[in-house]
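# Architecture at a glance
Here is how the chains run, residue by residue.
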Amino acid sequence: MAMFTRASLTCSQCGKSFPLNLNVKPQAIRCPFCQKEMASDMIEDVYTAAGYVSDINYRFRKYLNERDEPEFRLSVWEEEIHYPYEDTE
Ligand SMILES: [Zn+2]
């Protein structure tokens, strides 16, 4: 068994999500559903951030195996939260 980091992007234009292949960094990222294209200067940062999360989770597993430390797993996502005070506006 092997552990893989999976990353996905959610397109706010059409609301759909699609997976990112972390093994190959593309020249351009385009939503496969509505064809909107990501700003090119964001691609590097997206892949750096995903790679960083992957490294952290790898280290958690390594610490578990080598030092018997408790394992954690980092996941990052964005979520819209509705606060009650927003109803009065
Ligand atoms: Zn889209």
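Now for a description of the structure that goes with this document. Since the structure is predicted, the reported quantities are computational estimates derived from the model, not experimental observations.

So, how was this worked out
Residues numbered from 1 in each chain as written. Predicted model: local features only at pLDDT ≥ 70, side-chain atom pairs only at ≥ 80, totals over all residues. Heavy atoms only, no water. Donors = N, O, S within 2.8 Å, 3.2 Å for Na, K, Ca; no water. Tetrahedral: all angles 85-135°; square planar, octahedral: opposite > 155°, others 65-115°. Helix = DSSP H or I, 4+ residues; strand = E, 2+ residues; numbered from the N terminus. 1 Å grid on protein atoms, 1.4 Å probe; cavity = no way out; pocket = protein on both sides within 12 Å on 5 of 7 lines; lining within 4 Å. Points joined across faces, edges and corners; volume = space filled by probe spheres on them. Nonpolar A, V, L, I, M, F, W, Y, C, P; charged D, E, K, R; others polar.

The next subject is the coordination of the zinc ion. Bound to the zinc ion on the protein side are Cys11 (SG), Cys14 (SG), Cys31 (SG) and Cys34 (SG), at distances that span 2.3 Å. Metal-centred angles of 103 to 117 degrees between the 4 donor atoms at the zinc ion mark the site as tetrahedral. Of note, the zinc ion draws all its donor residues from one chain, in the sequence arrangement C-x2-C-x16-C-x2-C. You can see Cys14 sitting in the loop between strand E1 (7-10) and strand E2 (17-20) and its partner Cys34 sitting in the loop between E2 and helix H1 (40-67), a full 20 residues away along the chain.

So, about unusual backbone geometry. A positive phi angle is found at Gln35, which is not glycine, with a value near 70 degrees. One non-glycine residue, Asp68, adopts positive backbone phi at about 60 degrees. With respect to the secondary-structure elements, Asp68 resides in the segment after H1.

Moving on, we come to the layout of surface pockets. Taken as a whole, the largest pocket spans an internal volume of roughly 1100 Å³. As for the largest pocket, its lining consists of 33 residues, of which Arg6, Ala7, Ser8, Leu9 and Val76 are closest to the centre. Breaking the lining of the largest pocket down by element, the ones donating at least two residues are E1, E2 and H1. The element best represented in the lining of the largest pocket is H1, accounting for 8 residues. Here the residues of the lining of the largest pocket are counted per class, giving 18 nonpolar, 8 polar and 7 charged. The volume enclosed by the second largest pocket comes to roughly 210 Å³. Lining of the second largest pocket is provided by 13 residues; of these, Phe4, Thr5, Asn21, Leu22 and Asn23 occupy positions nearest its centre. Broken down by element, the lining of the second largest pocket gets its largest block of residues, 4 residues, from H1. Taken together, the residues of the lining of the second largest pocket break down into 7 nonpolar, 5 polar and 1 charged.

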